[in-house]
Amino acid sequence: MTSSTAFDLKLDAVTQRYKGAATAAVDAVTLEIAAGELVALLGPSGCGKTTLLRIIAGFVQQTSGRVVVGGRPIDELPPHRREVGVVFQNYALFPHMTALDNVAYGLAARGAPRAQQQAKAREMLEMVQMAHLAERLPREMSGGQQQRVALARALAVDPRILLLDEPFGALDKSLRLDMQIEVKRIQRLAGITCIMVTHDQEEALSMADRVAVINQGRLEQFDVPNEIYDRPATLF
Ligand code: ADP
Ligand code: MG
């Protein structure tokens, strides 16, 4: 993978109202993310972070607004055609499949020849430094190792955008710091545009090129970490 294929991502007044809800879960969020940039979505529980990721990935059809990747709206595309890789909060590895088969899954689903699937999956496992555990099942791996496999699986299909939903939530503090560095390294290596959700301010400020502060579904501030730290737009 090279950085020459990175895509920019624009959110244009994206709004989501769940049925029966009094307020919008995501409220007219407009955001322009440069190709190859890592943006952290920072905000408290319930502020709409996961909903926004699910809209970008295509699992939730937004009430209004547009999602544009590389200059093209993707709102009409089903999830599997959006070329968006997602690592969910709980990794969601298939428990009965080895690390290798988990990583190969997306390629298999696309009908790639088996030899090609396996070669690509091994390359991805090498990138996340998990090649030596390719035959392990998820239950035979630590949280950090499962996390790496989930990342390799998301990247195996060469997505244009990588979405990470609180990727370190289940890890203890020391492992978390290691994984923060590791994910940043891999994101740079892959040269991929990335949105990472977190409610941890330190994590957002240390990892992201820019931080988007979300509160009650609204974008409150979007800036480089230094500015967010020195000049928070709101008390929150
Ligand atoms: P976060 O990831 O920031 O914790 P979410 O996007 O999960 O926030 O949730 C934002 C708001 O939308 C919350 O009030 C939540 O209860 C509501 N919500 C999330 N998913 C659904 C759903 N499928 N149906 C109805 N309401 C939902
Ligand atoms: Mg969430």
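These remarks concern the structure in this document. Bear in mind the structure is a predicted one, so any value in this text is a computation, not a measurement.

1. Examining unusual backbone geometry
Of note in this structure, Ala28 is not a glycine but carries a positive phi near 50°. Among the secondary structure elements, Ala28 is positioned in strand S2 (residues 26-33). Here Ala28 falls in the partly exposed class, since its relative accessible area comes to 44%. One non-glycine residue, Glu83, lies in positive phi territory at about 55°. Tracing the sequence through the fold places Glu83 in the loop between strand S5 (72-73) and strand S6 (84-87). Judged by its relative accessible area of 38%, Glu83 falls in the partly exposed class.

2. So, the site of ligand 1
Around ligand 1, the surrounding shell consists of Tyr18, Ala25, Pro44, Ser45, Gly46, Cys47, Gly48, Lys49, Thr50 and Thr51. Between ligand 1 and Gly48 there is a distance of 3.1 Å, counted from an oxygen atom to a backbone nitrogen or oxygen. Thr50 places a polar side-chain atom, nitrogen or oxygen, 2.8 Å from an oxygen atom of ligand 1. A total of 560 Å² of accessible area belongs to ligand 1 in isolation, and the protein chains cover 53% of it. Of the residues contributing to the shell around ligand 1, the split by class is 4 nonpolar, 5 polar and 1 charged.

3. Quick look at the packing of aromatic side chains
A full pass over the atoms with the stated rule returns 2 aromatic pairs. The ring centre of Phe94 lies 5.1 Å from the NZ or CZ of Arg153, which sits over that ring. Cation over ring: Arg160 sits above Phe7, and NZ or CZ is 4.8 Å from the ring centre.

4. Observations concerning the environment of Ala233
Turning to its location among the elements, Ala233 is positioned in the segment after helix H7 (225-230). The spatial distance from the C-alpha of Ala233 to the C-alpha of His132 is 47 Å, given a sequence separation of 101 residues. Residues in contact with Ala233, not counting those within four places in the same chain, are Glu220 and Gln221.

The rules we used
Residues numbered from 1 in each chain as written. Chains lettered and ligands numbered in written order. Predicted model: local features only at pLDDT ≥ 70, side-chain atom pairs only at ≥ 80, totals over all residues. Heavy atoms only, no water. Helix = DSSP H or I, 4+ residues; strand = E, 2+ residues; numbered from the N terminus. Buried < 20%, exposed > 50% of the residue type's maximum accessible area, 1.4 Å probe, protein only. Near = heavy atom within 4 Å. Polar contact = N/O pair within 3.5 Å; in protein donor to acceptor, adjacent residues only side chain to side chain. Areas by Shrake-Rupley, 256 points an atom, 1.4 Å probe, with all protein chains shown as cover. Nonpolar A, V, L, I, M, F, W, Y, C, P; charged D, E, K, R; others polar. Phe/Tyr/Trp six-rings, centres within 6.5 Å; stacked < 30°, edge-to-face > 60°. Lys NZ or Arg CZ within 6 Å of the ring centre and 35° of its normal. Contact = heavy atoms within 4.5 Å.

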